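A closer look at the structure
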Amino acid sequence: MATTTSPDIHATPEVKHTQLLIDGEWRDAQSGKTFATMNPATEEKIADVAEGDAADIDLAVKAARRAFESGEWAEIDARDRGRLLNRLADLVEDNLEELAALETLDNGKPIRDSLAADLPLVVDCFRYYAGWADKIHGDTIPIRGNYLCYTRKEPVGVVGQIIPWNFPLLMLAWKWGPALAAGCTIILKPAEQTPLTSLRLAELALEAGFPPGVINVVPGYGPTAGAALVKHPDVDKIAFTGEHLTAQIIMRDAAETIKNVTFELGGKSPNIIFADSNLDDAVAGAEFGLFFNQGQCCCAGSRVFVEKKVHQQFVDKLVARASNRKLGNPFDMDTEQGPQVDQAQFEKIMGFIEKGRAAGAACVTGGNRFGDKGYFVEPTVFDNVTDDMEIAKNEIFGPVLSVLPFDSMDEVVTRANNSVFGLAAAVWTRDVAKAHHIARQVRAGTVWVNCYDVFDAAAPFGGFKMSGIGRELGEAALANYTELKTVTVSL
Ligand code: NAD
């Protein structure tokens, strides 16, 4: 197989920042500690990064509080917040290839995805919320009596944002965009596996003109830096994306200060394929819906329900596509699948593959490590999976797809909803009424019809059930970062 490497993309982009950004200054952790961030394709160290903990979080919270309550940001006109967000979007565009390369280096995702998916969505997100900055307003409300009653939407204040490693820059953008449009100040705790692009983006935010203290970035570990942010009494809100088990800890830690929390968590999303669908499109959608980003998507279509009439035909076509996926160096422009993010994820996925085999599911393609260096897992398809198997119930967060045959529409709705999660779902059919019926019946925050993983900054995204609380993106996300104040004036 011939490979082509883009002449513009370097396998070793320069790592410009490894320190914490607090109050507009780059600093070492007060403890002096660092941690290593690794290249998952080579298992080699990329850089040592400052390891923030409770003392650094406290400094960052003080800076964010100061910036929120006094100075330039506290007084800023809403239009100027929009201008700053647009300027940040411009700078991301100006440095798009460098950021894409840094994301690929730290996370392992194929460079073609960083360039074509992650970075353009980051730019769109900043521009979308730039447009909202001066359109966040309340209502006048007709109440009984001789009063003028109106509402104001005020920024929630100092916000702690904790993000995962699967889309480091995009998860940052989903959180920074609405928070900055609303006028909040931020302490971001990136995932320990992928701190590099958040630090580079923080530098671009300074260059864009965000005043010191508005955006602070403190890399570190979850149970230390993350927990300190959640417990800090002067943080008004925590916005978290990650696993539901971590969210349970955060909810308990946030209880002490009755902190406003929003959660974007995991899923076990059903992808329902009817016999009357365009089967080639459905197969392509199932492949993309699960294998994109190495299967490390919260909304991965990991339970593929296929109507029995087309089951064998579907599996044959899917296996042909999955086994043909190009794995390898994520910096090769034709690589479709890179390594998993780290050894722990790699081992967890291999463990699920063993459990699938042991439970009697048919592994029809993949199932092994790919190569002998880097955390690569072959695209894996299990057929004849039953609802009670662990691979059908738990989020694997890797390139492992389960095919579950079904007979009827009522049956598939019941089985699709038989999950603690409710993040996303998809249905493939040519029957419009059937599509809308499924869209209404499935308990999930997003339903795609004859498509998968269609994201837009304007379309809200988030989960029912244990997949989350609140919504990101769209106008809906502004509610995460605003308090509603009611003012009543006697006339
Ligand atoms: P994770 O929960 O292990 O970690 C996420 C973040 O939480 C990291 O920054 C981590 O350091 C921090 N953290 C860990 N323990 C903490 C604690 N006690 N207090 C505060 N912070 C703590 O998740 P992950 O493995 O990085 O990411 C994968 C998960 O994220 C999957 O479940 C995936 O579905 C979910 N996810 C959801 C969405 C969505 O929009 N719904 C998007 C991306 C990822």
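Residues numbered from 1 in each chain as written. Predicted model: local features only at pLDDT ≥ 70, side-chain atom pairs only at ≥ 80, totals over all residues.

Re the overall build of the chain
Tallying secondary structure elements over the chain gives 15 helices and 22 strands in all. Radius of gyration (C-alpha) of the chain: 23 Å, near the 23 Å computed for a compact globule of 491 residues. C-alpha extents for the chain along the principal axes are approximately 70 × 60 × 40 Å. Within the chain, contacts between residues separated by at least 24 positions form 72% of all contacts whose residues are at least 6 apart in sequence. (Helix = DSSP H or I, 4+ residues; strand = E, 2+ residues; numbered from the N terminus. Rg over C-alpha atoms; globule rule 2.2 N^0.38 Å. Contact = placed C-beta atoms within 7 Å.)

Quick word on the UniProt feature "active site" (unreviewed entry) in the chain
Mapped onto this numbering, the UniProt entry gives "active site" (unreviewed entry) at Glu264. Structurally, glutamate 264 is set in strand β11 (residues 260-264). C-beta crowding within 10 Å serves as the criterion here: with 26 such atoms nearby, glutamate 264 is assigned to the buried category. For glutamate 264, the residues in contact, after removing those within four places along its chain, are Thr241, Cys298, Gly462, Gly463, Gly468 and Glu472. (UniProt positions renumbered as here; feature names shortened; annotations may be inferred. Buried ≥ 20, exposed ≤ 12 C-beta atoms within 10 Å, placed from the backbone.)

What to know about the packing of helix α6 (residues 168-182) against helix α7 (residues 196-208)
Between α6 and α7, whose axes approach to 8 Å, the crossing angle comes to 50 degrees. Here α7 runs oblique to α6, going by the angle between their axes. Regarding α6 and α7, the two cross each other, and that crossing is right-handed. Each of Pro168, Leu169 and Leu172 in α6 lies in contact with α7, whose residues at this interface are Thr197, Ser198 and Leu201. (Axes fitted to C-alpha atoms, helices over the stretch in contact; angles between N-to-C directions. Parallel < 35°, antiparallel > 145°, perpendicular 65-115°, else oblique. Left-handed = near helix turned anticlockwise from the far one by under 90°.)

Considerations on the sheet that holds strand β5 (residues 140-141)
Taken together, three strands build an open sheet; the order of strands is β5-β6-β22 and the sheet is antiparallel. In the strand order of this sheet, the two ends are held by β5 and β22 (482-490), each with one partner. With two bridges joining them, β5 and strand β6 (residues 147-155) adopt antiparallel strand pairing. Following the sheet pairing, threonine 140 is matched in β6 by tyrosine 150. (Pairing = 2+ DSSP bridges.)

What about the site of the ligand?
Residues in close proximity to the ligand total 31 residues, the closest being Gly222, Gly226, Gly242, Gly266 and Cys298. Those elements that provide at least two residues to the shell around the ligand are α8 (222-231) and α9 (244-255). It is α8 that contributes the most residues to the shell around the ligand, five residues altogether. For the shell around the ligand, a count of residues per class yields 16 nonpolar, ten polar and five charged. Here the shell around the ligand spans two domains, since at least three of its residues come from each of domain 1 (20-266 + 468-487) and domain 2 (270-449). (Near = placed C-beta within 6 Å. Nonpolar A, V, L, I, M, F, W, Y, C, P; charged D, E, K, R; others polar. Domains from an automatic or database assignment.)

Looking at helix α11 (residues 311-322)
Spanning twelve residues, α11 covers 16 Å between terminal C-alpha atoms, matching the ideal 16 Å at 1.5 Å per step. Looking at α11, one finds that the buried residues are Phe314, Val315, Leu318 and Ala322. Considered in projection along α11, the buried side chains sweep an arc of 95 degrees and stay on one side of the axis. Away from its buried face, by an angle of more than 90 degrees, α11 presents the exposed residues Gln312, Asp316 and Ala320. Taken together, the buried residues of α11 touch β12 (270-273), α10 (279-291), β13 (303-307), β14 (362-365), β15 (380-383) and β16 (400-406). (Expected span 1.5 Å × (residues − 1). Arc of directions from axis to C-beta.)

Considering the domain arrangement of the chain
Interface size is commonly expressed as the accessible surface area that is lost when the partners come together. Taken as a whole, the chain is organised into domain 1 (20-266 + 468-487) and domain 2 (270-449). Domain 1 and domain 2 are separated by 31 Å when their C-alpha centres are compared. The interface is formed by 18 residues belonging to domain 1 together with 22 residues belonging to domain 2. Mapped onto the side of domain 1 that touches domain 2, the elements with two or more residues apiece are α4 (96-107) and α5 (111-132). Counting residues per element, the side of domain 1 that touches domain 2 draws most heavily on α5, which supplies three residues. Among the residues making up the side of domain 1 that touches domain 2, the classes are represented as six nonpolar, seven polar and five charged.

Section: the environment of proline 399
For proline 399, the position within the fold is in the loop between α13 (390-393) and β16. Setting aside its immediate chain neighbours within four residues, proline 399 contacts Phe291, Gln294, Gly295, Gln337, Val377, Pro379 and Thr380.

Some thoughts on the UniProt feature "domain: Aldehyde dehydrogenase" (unreviewed entry) in the chain
Under the present numbering, the feature "domain: Aldehyde dehydrogenase" (unreviewed entry) in UniProt falls on residues 26-487. Counting secondary structure, residues 26-487 comes out at 40% helix and 20% strand; the distance between its end C-alpha atoms is 42 Å.

As for the sheet that holds β13
Pairing is mixed across the open sheet formed by seven strands, whose spatial order is β14-β15-β16-β13-β12-β18-β19. Edge positions in the sheet fall to β14 and β19 (446-449), since each of these pairs with one other strand and no more. For this sheet, the mean inter-axis angle between neighbouring strands, taken without regard to orientation, is 25 degrees. Across three bridges, the pairing between β14 and β15 is antiparallel. Bridging from a neighbouring strand, threonine 365 pairs with valine 381 of β15. Sheet strands in contact with α10 are β12, β13, β16 and β18 (424-428), and its direction is about 165 degrees off that of β18.

What to know about the nonpolar core
Judged by nonpolar contacts, the single largest core of 151 residues is most densely connected at Leu85, Phe126, Tyr129, Ile186, Ile238, Ile272 and Ile273. The element best represented in this core is α6, accounting for eleven residues. Both domains that furnish three or more residues to this core are identified here as domain 1 (20-266 + 468-487) and domain 2 (270-449). With sequence-adjacent residues up to four places away left out, isoleucine 273 is seen in contact with Ala282, Ala286, Val304, Phe305, Val306, Glu307, Phe314 and Trp428. (Core = buried A, V, L, I, M, F, W, Y, C linked by C-beta atoms within 7 Å.)

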